[in-house]
Amino acid sequence: MIKKKYLNDFYYKKSKKLNLRSRSWFKIYEINNKFNLFKKYMNVIDLGSSPGGWSLFLSKYIKVNSIYACDIIYMKSLYNVNFFKGDLNNINDYNNFINFIKHDKVNAVISDMLSNTSGFKLIDNYNNINFLNIAFKISLKKLLKGGFLITKFLQNPNINLFIKKISLYFNEIKIFKPNSSKSFSREFYIIAKNFL
Ligand SMILES: C[S@@+](CC[C@H](N)C(=O)[O-])C[C@H]1O[C@@H](n2cnc3c(N)ncnc32)[C@H](O)[C@@H]1O
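Asker: Before we move on, can you summarise the side chain of Asp71 with the specific residues and values?
Answerer: Checked against the element boundaries, Asp71 lands in strand E2 (residues 66-71). It is Lys85 that comes nearest to the buried, bridge-free Asp71 among opposite-charge side chains, at 8.2 Å. A distance of 3.1 Å separates a polar side-chain atom of Asp71 from the backbone nitrogen of Ser49. Setting aside anything within four residues of it in sequence, one finds Asp71 in contact with Gly48, Ser49, Ser50, Phe83, Phe84, Lys85 and Gly86.

In structure tokens:
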């Protein structure tokens, strides 16, 4: 069931009107407008993809070459999107997803992964850093030189350590909060460009 607080939300209503699958569509749209990242020829890995706002943006708006999407929750099919249903915290699912990706290397890894909040900051922060590390591990394995990583994070005390770690592998790192991201949420995005 949709929470009441979303029903009056501008981006939620707009996403419903435009049939965009999720309000997250606007976040990737804003990120791309700001950093001019996606091109038609690209192959992209989309982590935590359901219900498919980001995949839809890549498939229909940018028209990228191919997308490999993964989520623990089923996602309806989309043109050029190869969907794998699996839990990236589970080592078997993780390995199967890596093998599912036909391209040896891709141009971009994007991750909007988020688990249900537990209400305990320590646990939520741990889960979030864990997702960041999964997205980073996949980037190390699958990104082409010059590629980029976009990943959601929740503001937390360990984030600087994570940024320090990935800055050894990317030439340029930016932090961005789209307007469509709720102002009261701790959500931000890391845009790590130019994989070395
Ligand atoms: C904010 S939503 C993503 C929205 C999506 N980017 C879109 O545009 O529609 C976060 C997603 O992360 C997924 N997720 C959470 N834990 C996961 C896990 N362990 N493995 C894979 N996906 C996971 C959730 O099922 C959820 O669909």
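Asker: Mind laying out helix H4 (residues 53-62), listing which residues take part and the relevant values?
Answerer: A large share of H4 lies buried, amounting to eight of its 10 residues. Among the residues making up H4, those that are buried are Gly53, Trp54, Ser55, Leu56, Phe57, Leu58, Ser59 and Ile62. Phi for Lys63, located one or two positions after H4, is positive at around 65°.

Asker: Before we move on, could you go through the site of the ligand and cite the residues and values that matter?
Answerer: Ser22, Trp54, Asp71, Asp87 and Asp112 are the nearest of the 20 residues found near the ligand. Leu114 has a polar backbone atom sitting 3.4 Å from an oxygen atom of the ligand. Among the residues making up the shell around the ligand, the classes are represented as eight nonpolar, nine polar and three charged.

Asker: Can you tell me about the sheet that holds strand E1 (residues 43-47), naming the residues and giving the values?
Answerer: Hydrogen bonds between backbone groups are what pair the strands of a sheet, and the pairing can be parallel or antiparallel. Reading across the sheet, the seven strands line up as E3-E2-E1-E4-E5-E7-E6 and stay open at both edges, with mixed pairing between neighbours. Edge positions in the sheet fall to strand E3 (81-85) and strand E6 (170-176), since each has one partner strand and no second. Between one strand axis and the next, the sheet turns by 15° as a mean value, whatever way the strands run. Relative to the sheet, helix H5 (residues 91-100) contacts E1, E2 and E3, its axis offset from that of E3 by approximately 165°.

About the criteria used
Residues numbered from 1 in each chain as written. Predicted model: local features only at pLDDT ≥ 70, side-chain atom pairs only at ≥ 80, totals over all residues. Heavy atoms only, no water. Helix = DSSP H or I, 4+ residues; strand = E, 2+ residues; numbered from the N terminus. Buried < 20%, exposed > 50% of the residue type's maximum accessible area, 1.4 Å probe, protein only. Lys, Arg positive; Asp, Glu negative; His and termini not counted. Salt bridge = Lys/Arg side-chain N within 4 Å of Asp/Glu carboxyl O. Polar contact = N/O pair within 3.5 Å; in protein donor to acceptor, adjacent residues only side chain to side chain. Contact = heavy atoms within 4.5 Å. Near = heavy atom within 4 Å. Nonpolar A, V, L, I, M, F, W, Y, C, P; charged D, E, K, R; others polar. Pairing = 2+ DSSP bridges. Axes fitted to C-alpha atoms, helices over the stretch in contact; angles between N-to-C directions.

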